[in-house]
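# Observations on the three-dimensional arrangement
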Amino acid sequence: MSKRIPIVVANWKLNGGIDLLCASVAAFIGKHFSTKIAICPPYIYMRDMLNFLQHSEIIVGSQNVSKFGSGAYTGETSAQMLKDVGAGLCLIGHSERRQMFNENDGSCQIKVNRALASGLMPILCIGENAQQREAGITNDVLFRQMHDGLADTDITDKEICVAYEPVWAIGTGQAASPEDAQAVHAFIRQELCVIYGAERAEKIHILYGGSVNKSNARELMSQDDIDGLLVGGASLDPNHFIEICKQAEILAEEIEA
């Protein structure tokens, strides 16, 4: 098995402003990365981000996408709209969407297929909460979220990611140990083999997200089945985030050597 080149995705959530946007863009000026880097700002800043980064390798992504293609759905943004303005990927089923906005596996499945049909790379987010972890049903939860969320998806000539985000670790400063995270990622890879076959599953990136920072990023990404990071709070500090990206770049260079 060959190690996959890391992907690093920044999720700004409901944070940021023009000052953060400018500082983030400035941090990447003149820097080349072999690894894939994406920033997901709030919708309202996506156009600005795309304009500022038009000559950059940085991908601009969306934190969400509608399950609807068009129609009388006030406040929604479709996959095709995101593609039209230049977005390259979208998060789907983030734990905060599941917990606060009643996102479920069925809607995630629709969104994944909408994204793929429009040429966006979907990043399906899955993960267990503290109660589920303590009950020892982590794998059961992930199995359901993956098999239901990826049902009937045709990924021929298309790219898809899965992000494992242990809900108990998000925003707590308590990340999963690299060994524990790897064990979960290995299980996810196993189930991707069931869904898509071993050859295709080996090419799919599985990201880790949960209190990621520059201190634990390299060790996490060095694990066999951890193919990058979904970074929350640490991505709001441009200097901190670029340090994480630099660690991914070093790893990418080692993989390509």
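Just above sits the structure.
The present account deals with the structure reproduced in this document. What you see is a predicted model, and the numbers here were worked out from it, not measured in a lab.

Rules and cut-offs
Residues numbered from 1 in each chain as written. Predicted model: local features only at pLDDT ≥ 70, side-chain atom pairs only at ≥ 80, totals over all residues. Heavy atoms only, no water. Helix = DSSP H or I, 4+ residues; strand = E, 2+ residues; numbered from the N terminus. Buried < 20%, exposed > 50% of the residue type's maximum accessible area, 1.4 Å probe, protein only. Contact = heavy atoms within 4.5 Å. Pairing = 2+ DSSP bridges. Right-handed = clockwise from strand over helix to strand, strands pointing away. Core = buried A, V, L, I, M, F, W, Y, C linked by side-chain atoms within 4.5 Å. Phe/Tyr/Trp six-rings, centres within 6.5 Å; stacked < 30°, edge-to-face > 60°. Lys NZ or Arg CZ within 6 Å of the ring centre and 35° of its normal.

### Focus: the environment of Ile37
Along the chain, Ile37 turns up in strand 2 (residues 36–40). Owing to a relative accessible area of 2%, Ile37 belongs among the buried residues under this scheme. In sequence terms Ile37 and Val8 are 29 residues apart; their C-alpha atoms lie 4.9 Å from each other. Those residues in contact with Ile37, other than ones at most four positions away along the chain, are Val8, Phe28, Glu57, Ile58, Ile59, Phe241 and Cys245.

### Quick word on the pairing of strand 2
Of all five residues that make up strand 2, four are buried, and the element is covered over most of its length. Bridging between strand 1 (residues 7–11) and strand 2 involves five bridges; their strand directions are parallel. Considered in strand 2, the bridge of Ala10 is made with Ile39. Pairing analysis gives two bridges linking strand 2 to strand 3 (residues 59–62), with the strands arranged parallel. Counterpart to Ala38 in the pairing with strand 3 is Ile59. Taken together, strand 2, helix 2 (residues 46–52) and strand 3 form a β-α-β motif whose crossover is right-handed.

### Quick word on the nonpolar core
Counting residues in each nonpolar core, the largest one holds 64 residues, and the members touching the most others are Phe28, Ile188, Leu192, Tyr208, Leu229 and Phe241. Sequence-distant contacts of Phe28, defined by excluding residues within four places in its chain, comprise Phe33, Ile37, Ile39, Ile58, Phe241, Ile242 and Cys245.

### So, the packing of aromatic side chains
The final tally for this structure, using the stated rule, is four aromatic pairs. Ring geometry for Phe28 against Phe241: centres 6.1 Å apart, planes inclined by 65 degrees, an arrangement best described as edge-to-face. Of the two residues, Phe28 sits in helix 1 (residues 18–28) while Phe241 sits in helix 11 (residues 238–256), which places them 213 residues apart along the sequence. In this structure, Phe28 and Phe241 share a single accessibility class: buried. Look at Phe68 and Tyr73: their rings are 3.7 Å apart centre to centre, the planes differ by 5 degrees, and that puts the pair in the stacked class. Relative accessible area serves as the criterion here: at 37%, Tyr73 is assigned to the partly exposed category. Aromatic ring contacts, followed pair by pair, group Phe28, Phe33 and Phe241 into a single cluster. For the cation-ring pair, Arg133 lies above Trp168, with the distance from its terminal atom to the ring centre recorded as 3.8 Å.

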